[in-house]
Each structure stands twice: as structure tokens, then as C-alpha cells.
Amino acid sequence: MAYQIQRYPAELIDVVRLTAGERVVIRPVLPQDRELLNAFFHSLSADARCSRFMHPVSELSSELLRQFTQVDYANHVALVAEVFVDGREVVIGEARYARAADASSAEFAVSVGDSWQGNGLAKLLLGRLERFASEAGVRQITAQTFASNKKMLAVAAKAGFKISASLGAPGVMRLVKRLAPLQQRPK
């Protein structure tokens, strides 16, 4: 089946300044971002990759790269944060959510390059995901992270997530947040 989306969510494109003043472009992922996302993945430390995927990962499969870049923006929303270095795009963060079967809940993931952590980027990306999910009718977003992932737990706590131990998974924490309905933007 050929990749297609109903509408590219241009309203998710934004230029922001991080707490240290760096200019960052946040935008929806496109299919042509395969190499950018693969380079971002390889720029992450082994610990950061393990935290992102909840197990050690050294390479992204072709299928996973396809899933990460061929996003429908109805059930799967994905954003990248990028800077420009010597005129080239460099991804420094990514965030996404995928709706569950019931469509009123979604699981999210946020990953920020090691050297870019602590500058408010995860908070910005998560906030944009929450807003877009709420506008799309998602009423609850969830994630799991290792109990040792103190930075993600701090971001989640500040963002109002309920944090609890994941049943049946020692050392894993469950993050849950109810989303209030927001008025949809005109299309």
C-alpha cells in the first residue's frame, strides 16, 4: 500500500528558542527524513537509545525507519526538532504519539539528543504533542520509562503526569495524563 496522508499538519511547524537561546525548528516528520532520523538515532548514546526503546538497540531496521517516517497524522503523529549546522539539517530531538485501538488514548515517546538535554526541548515537544492530541480527540496519553530515567520522570512530573510503577515490569514506570478536550483548529 502506498504511503498517503489526508493533510500535512503545517500548523505544527514552529521556530522556538531554547532556554539557552538556541534557535530550533520543530516540524512534522516527512518520508524523506529517513536519513536525518537515522543520523539522530546514531548520535544518541547507548543509554539514550535504550531509554527510548526500552531495550538495547544498535541499529534501526528499514521497517522501523519506514514506520517512523511514513506517518499518517491521524493515528500517528511525529515531530522532529532540528537545527542547521553549516547549512545542513540536524535532528536534535523527536517526539511522537500513536493512538491505541480505542482511539481515545495514545502512547507517546520523546527523545532528545544527549548534548541538547536540559534546555527545555523535551518539555516543548511533549507540550506540542499533548495539544495536538487533545485537539484530535485523544483523552489520555501514556508512556513507559525506566525508573532510572530521572530526566524523563522530571519532565513528566512537571507536565502533570501521574507516575506509578508499571505492573509486572520491575524497574519500569508508567506515565499517564488525562487530556482536556480542546477546540479543534479549522482545517
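Treat the numbers as computed from the prediction; the structure is a model and nothing was measured.

Rules used throughout
- Residues numbered from 1 in each chain as written.
- Predicted model: local features only at pLDDT ≥ 70, side-chain atom pairs only at ≥ 80, totals over all residues.
- Heavy atoms only, no water.
- Buried < 20%, exposed > 50% of the residue type's maximum accessible area, 1.4 Å probe, protein only.
- Helix = DSSP H or I, 4+ residues; strand = E, 2+ residues; numbered from the N terminus.
- Contact = heavy atoms within 4.5 Å.
- Salt bridge = Lys/Arg side-chain N within 4 Å of Asp/Glu carboxyl O.
- Phe/Tyr/Trp six-rings, centres within 6.5 Å; stacked < 30°, edge-to-face > 60°.
- Pairing = 2+ DSSP bridges.
- Axes fitted to C-alpha atoms, helices over the stretch in contact; angles between N-to-C directions.
- Parallel < 35°, antiparallel > 145°, perpendicular 65-115°, else oblique.
- Left-handed = near helix turned anticlockwise from the far one by under 90°.

### Some words on helix H2 (residues 46-53)
Right, on to step 1. Within H2 the residues assigned to the buried category are Ala48, Arg49, Cys50, Arg52 and Phe53.
Right, on to step 2. The inward-facing, buried residues of H2 abut helix H1 (34-43), helix H3 (62-69), strand S4 (88-99), strand S5 (105-112) and strand S6 (140-146).
Right, on to step 3. Following H2 by one or two positions, Met54 adopts a phi angle in the positive range, close to 65°.

### A closer look at the pattern of salt bridges
Right, on to step 1. Taken as a whole and judged by the stated rule, the model has eight salt bridges.
Right, on to step 2. Across the pair Asp33 and Arg27 runs a salt bridge, and its minimum N-O distance is 2.8 Å. As far as burial versus exposure is concerned, Asp33 and Arg27 are alike and both buried.
Right, on to step 3. Accessibility expressed as a relative area gives 9% for Arg27, which makes it buried.
Right, on to step 4. Through salt bridges with shared partners, a single ionic network connects Arg27, Asp33, Glu82 and Glu89.

### Remarks on the packing of aromatic side chains
Right, on to step 1. For the structure shown, the criterion picks out four aromatic pairs.
Right, on to step 2. Ring geometry for Phe41 against Phe53: centres 5.9 Å apart, planes inclined by 70°, an arrangement best described as edge-to-face. Note that Phe41 is positioned in helix H1 and Phe53 in helix H2, a separation of 12 residues in sequence.
Right, on to step 3. Here Phe108 and Phe161 contribute two aromatic rings whose centre-to-centre distance is 5.3 Å and whose plane-to-plane angle is 45°, an arrangement assigned as tilted. Taken together, the positions of Phe108 in strand S5 and Phe161 in the loop between helix H5 (150-158) and strand S7 (162-165) put the pair 53 residues apart, joining distant regions of the chain. Each member of the pair, Phe108 together with Phe161, is buried.
Right, on to step 4. In textbook terms, an aromatic cluster arises when at least three aromatic residues are bridged by ring pairs, as seen for Phe41, Phe53 and Phe68.

### Section: the sheet that holds strand S8 (residues 172-178)
Right, on to step 1. With respect to topology, eight strands assemble into an open sheet ordered S1-S2-S3-S4-S5-S6-S8-S7, the strand pairing being mixed. Where the open sheet ends on each side, the last strands, each with one partner, are strand S1 (14-17) and S7. Direction aside, neighbouring strands of the sheet carry axes that sit 25° apart on average.
Right, on to step 2. With four bridges joining them, S1 and strand S2 (residues 23-28) adopt antiparallel strand pairing. In the strand pairing of S2, Val15 is matched with Val25.

### Some words on the packing of H1 against H3
Right, on to step 1. Contact geometry for H1 and H3: axes closest at 10 Å, N-to-C directions at 115°. One element, H1, and the other, H3, form an angle in the roughly perpendicular class. At the point where H1 passes H3, the crossing takes the right-handed sense. Every residue of H3 that contacts H1 at Arg34, Leu37 and Asn38 is listed here: Ser62, Leu65, Arg66, Phe68 and Thr69.

Limitation: the analysis is restricted to geometry and does not speak to function.
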